[in-house]
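Tertiary structure, described
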Amino acid sequence: MSVLLATTVLAGPVLAQTAPIPAPPAPEPAATAPAPTTPAEEEVEVSVPGGSSDEIVVIGTRIPNAIRASREVVSVLSQADIARTGEGDIAGALQRVTGLSVVGGRFVYVRGLGERYSLALLNGLPIPSPDPLRRVVPLDLFPTAILASSVVQKSYSANFPGEFGGGVINLTTRAIPDKPFFTIGGSFGGNTVTTGQLGYVYSGGRTDWTGFDDGTRTVPASLAAAQSAGKLLAVGTNFNLRQLQDLTATLTNAETNVIFRNDNIPVNWSASFQGGRAWDVGDNRIGLILSAGFSTDWRTKAGKQQLSGGIAIGPNGQQQLNPDQDFNFVATEMRTVLNGLLGVGFEFGDHKIRFVNVYVNDTIKEARIQAGIDDINVGGEVLLQRNATAQFRRQLIDTQLVSEFKWDNLSLDLRGTIANSKRLAPYERFNNYAFSAAAGDFINDLRSPGQSSLVAFSRLNEDVYGAGGDVGYKIENGPFPIRLTAGYAFSQSKRNSSRFDYRYQSNAAVPLAVAQQRPDFLLSDFNVYTYGIILNTVSSISPVYDAGLTTHAGYGQVEIEPADGVQFVAGVRYERGDQFVSPRDIFNVDPGGTGTSRIKRGYWLPTATLTWNFAEDMQLRFAASKTIARPQFRELAPQIYFDTDSDRNSFGNQFLVDSQLINLESRYEWYFGKDERLAVGAFFKDITNPIDAIAFVQGGTFLNTYANAPKARLWGVELEVQKYFSLESIGKLFESRRLFVSANYTFAQSSINVRAGDTTRFPLSGQIVAATDIFKNGLPLTGQSDHVANLQIGFQDQDSLSEQTLLINYASDRVTYRGPSGQPDLVERPGLRIDFVARQGFNLLGLNLEAKFEARNLTNVRYQEFQQLGTSRIDNNTYALGRSFQLGVSANF
């Protein structure tokens, strides 16, 4: 059953002020500052395992240093490249790299392979993830201001961890500056569907604007004690009625329960500073760099969320999908990010030591309202309204020590890290009301279908310890140059995650007048004690899990140049991993339980790369390797979690196994002019036991989980070109300016291979089922776009800072989840996006200033996730993104 809800009005019980839910929108002279450094001229600093600066000499003298120094297929984003994109975090900047796409604004997909196939490192060391659903790191955590460069390596080498499916993204922080600098800046901006427009907010705490809670959301002591002791909240189990009433009354109420209408959502703003200097101490050099920033961004999403209960037969006799759940929604998020970097460096002779501390706190405060029908659980004739409030706080603290020592032909690299990440989400509140004809109003009696109030508390903590060392020796006296490298790496991740869900229930019938009250009145202390309203534990299955991954790895690698211009690198890595996810039956209700999921296995991972510089400005590369991909922690844990990215519940499959990949790569590179290049490449990957996301509907709830498909293949081609055009001939006004054009395109095809007789294991029960029941032969892997293209067109001044760049990004449709119960897959449509960034240097009152203007999503594309069958379409999650504009100014001292 489907109902058009564009003019539905939300009644007083849910909102402190009556407000309509909007209908989903329809698709819609040179300054004195120094000249910018171009990528090829810039000294790109890169920290990688075994990454000594020793080089085998090659004849490709016109090939840029950063690429010539690498024996593998790489893409480099220097500070100049990052600045040209204008992006505030590295996730946004990376989507301009050939073959890379960013999903959800956070996770990087390399050549269409999901985020589980991509590895992120910071200065060559592992990073903990604050995301409860993934072990990989959301790259929107890293502001571009703290980074010196980013290198994307697409062909595997033995000095990197074996989890290398699509590629590795190595972020390098800024180090010792060449000269003292201090920069302070700020920006403000807005979005056409958010800033100054209708949105919804809730009170929370007084310090929410900082991203930190003032104690408003502290878990009450009595509830925390019950969670620690493993006590179910239920009358007669561990508590009597009065004890549960007392516990229920201790929860923060109005501050976390009441949503207000805001007709004028504030502007976005940010402030930051970076500074550094170095001191010469005799022949040695000590450097210090400090960076800090704070930003607040508002975002309102207004659109549709639909769900089909199954395939139906339409009036024309054709199969179709009906929106059995049909909701309009508006969600307003306030995101605050605080980041800091402290780096100390010491250089003596040819040796370098660097101590780096990174801190990031990223908080989202969200208020969400929905209105619509639920024909699956309640009945399509009943109009429902739902609201939710939450605060999700992610934190990362990372301390690293990296050193590089060189003695003639011998090099030694040592590195270590201690890092911690957290995700705190107390007081996730959900209040659901249904329209009552008898009352002429929306009501919540805490009992009837479609009427409920719930609250959840979740917490994640992850610690990462890592260490490694590499020793290299260059042999120059033989018939040709040889470099030998060997190394060892240790990494240990320890995670604890908990989520406790509770439902408010009444032991006495709630009068109609009380059921009409807004949430804070309904759940007030008076009603708690008058009508016996208490908290009950919703689910007793695995609310807590522990997880860990320990790896020990050793590798050996040889690099030779058997002939002029020919390099050959071969190596092998042995990596043994011990990964486990252990649900804790703290309530002691499932003695048999699901048990601990453990994957303990070692792998030999060979790799070889051949590079041929057959001309001064051209080279060919060929690479082959074997790598692995392990399941994420959450993909193994049978604990339900709400995914804020997809707005749906997910749980893991404790029977998953590792994926194994065979990778083949070839690439032609032509550097036909200064800062100019053409590259064409091809790649092929054969994947055994790939992990794929699947979806199903249970009890009217859309759920995500995961399963191993038998086999998959991915292949494609890449094209990259960069060219500068002098504008000197146009006239004197343009004699120092040039036109910059950079374009890249990736075509990729993937397919899951399923045959009769193939099997896989379903989560929870562990039932062995036919793989053809879950996967269809020939379907693409989730997250893979057939076409990904980027185009940058810009004007640059070579004598001063003046840069105007048009950035165009296109990604074709990609599957996000397998369709439930035989339905079509869920598809995301990224579409065509156009951004514009302008940077201009100027002098004012003796200060060197830089102004930056950004215009994003000029094509006004929407976020679209949908299912389609024939002429019918289900909008699983579709909302407007709007156009964004931002103006910033920074001063250099």
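That block above? That's the structure.
Remember, predicted model here, so these are calculated numbers, not experimental data.

The rules behind these values
Counting from 1, residues in each chain are numbered in the order their sequence is written. The predicted nature of this model means local features are confined to residues of pLDDT at least 70 and side-chain atom pairs, given and counted, to a pLDDT of 80 or more, with totals for whole chains, interfaces and linings taken over all residues. For the side-chain quantities, the full set of heavy atoms in the structure was used; hydrogens and water were omitted. Only DSSP runs of H or I reaching four residues or more are called helices, and only runs of E reaching two or more are called strands; each is numbered from the N terminus. Each residue gets one of three labels from its accessible area relative to the maximum for its type: buried under 20%, exposed over 50%, partly exposed in between, using a 1.4 Å probe on protein chains only. The Shrake-Rupley method, run with a 1.4 Å probe, gives the accessible areas here. Residue values count only the displayed protein chains as cover. Each Phe, Tyr or Trp ring (for Trp, its six-membered ring) is paired with any other whose centre lies within 6.5 Å, and the angle between the two planes then decides the class: stacked below 30 degrees, edge-to-face above 60, tilted in between. The contact criterion used is simple: two residues touch if any of their non-hydrogen atoms lie within 4.5 Å. Two N or O atoms count as a polar contact when they lie within 3.5 Å, although within protein this holds only if one can serve as hydrogen donor and the other as acceptor, and sequence-adjacent residues are included solely when both atoms are side-chain atoms. Here the term patch refers to residues with relative accessible area over 30% and no salt bridge, with like charges joined within 9 Å and nonpolar side chains (Val, Leu, Ile, Met, Phe, Trp, Tyr) within 5 Å. Every case where a carboxyl oxygen of Asp or Glu lies within 4 Å of a side-chain nitrogen of Lys or Arg is listed as a salt bridge. Strand pairing requires that DSSP identify at least two bridges connecting the strands.

1. Looking at the overall build of the chain
Secondary structure summary: the chain contains 10 helices and 47 strands in total. Sorting the 893 residues of the chain into buried and exposed places 59% on the buried side. For the chain, the exposed surface amounts to about 33,600 Å²; the carbon and sulfur share of it is 57%.

2. Observations concerning the packing of aromatic side chains
Within the structure shown, the criterion is met by 21 aromatic pairs. An angle of 70° between the planes, with centres 5.8 Å apart, marks the rings of Trp 715 and Phe 747 as edge-to-face. Within this pair, whereas Trp 715 is found in strand 35 (residues 711-726), its partner Phe 747 is found in strand 36 (residues 737-753), the two being separated by 32 residues in sequence. One aromatic cluster in this structure is built from Phe 346, Phe 348, Phe 405 and Trp 407.

3. What about helix 5 (residues 241-249)?
Buried within helix 5 are the following residues: Leu 244, Gln 245, Leu 247, Thr 248 and Ala 249. Close packing links the buried residues of helix 5 with helix 4 (221-229), strand 23 (482-506), helix 9 (525-530) and strand 24 (533-537). Two to three positions downstream of the cap, the backbone nitrogen of Arg 242 sits 3.2 Å from a side-chain oxygen, assigning the N-cap of helix 5 to Asn 240.

4. Some points on a nonpolar patch on the surface
Where nonpolar side chains cluster on the molecular surface, the patch consists of Phe 188, Trp 209, Val 267, Trp 269, Ile 793, Leu 806, Phe 853, Leu 858, Phe 885 and Leu 887 and spans about 860 Å² of accessible area. Along the polypeptide, Leu 806 turns up in strand 40 (residues 802-811). Assessed through its relative accessible area of 30%, Leu 806 is described here as partly exposed.

5. Observations concerning the side chain of Asn 268
In this fold, Asn 268 is placed in strand 13 (residues 268-281). A distance of 2.6 Å separates a polar side-chain atom of Asn 268 from the backbone nitrogen of Trp 298. Residues contacting Asn 268, with those up to four places away along its chain left out, are Ser 187, Phe 188, Gly 189, Gly 190, Thr 296, Asp 297 and Trp 298.

6. Considering the sheet that holds strand 9 (residues 167-173)
Spatially, the 5 strands line up as an open sheet ordered 3-8-9-6-7, and their pairing is mixed. Two strands close off the open sheet at either side, each with one partner strand: strand 3 (74-78) and strand 7 (125-126). Alignment of strand 8 (residues 147-153) against strand 9, held across 6 bridges, turns out to be antiparallel. Note that in strand 9 the partner of Val 151 across the bridge is Asn 170.

7. A closer look at the pattern of salt bridges
Under the counting rule described, the total for this entry stands at 45 salt bridges. We note a salt bridge from Asp 501 to Arg 499, for which the minimum N-O separation is 3.0 Å. Across the pair Lys 711 and Asp 686 runs a salt bridge whose closest N-O atoms are separated by 2.9 Å. Of this pair, Lys 711 sits in strand 35 while Asp 686 is found in strand 32 (residues 676-688), placing the two residues 25 residues apart along the sequence. Lys 711 gets classed as partly exposed once you look at its relative accessible area, which sits at 31%. Connected through shared salt-bridge partners, Lys 154, Arg 621, Arg 667, Glu 669, Arg 677, Glu 718 and Glu 720 make up one network.

8. Notes on the pairing of strand 40
Most of strand 40 is tucked away, with 7 of its 10 residues classed as buried. Judged from the 9 bridges that link them, strand 39 (residues 787-797) and strand 40 form a sheet pairing that is antiparallel. Residue pairing for strand 40: Gln 792 is matched across the bridge by Leu 807. Between the end of strand 39 and the start of strand 40, which pair antiparallel, lie 4 residues. As judged from the 10 bridges shared by strand 40 and strand 43 (residues 831-844), these two strands associate in the antiparallel manner. If you follow Ser 802 over to strand 43, its bridge partner there is Gln 840.

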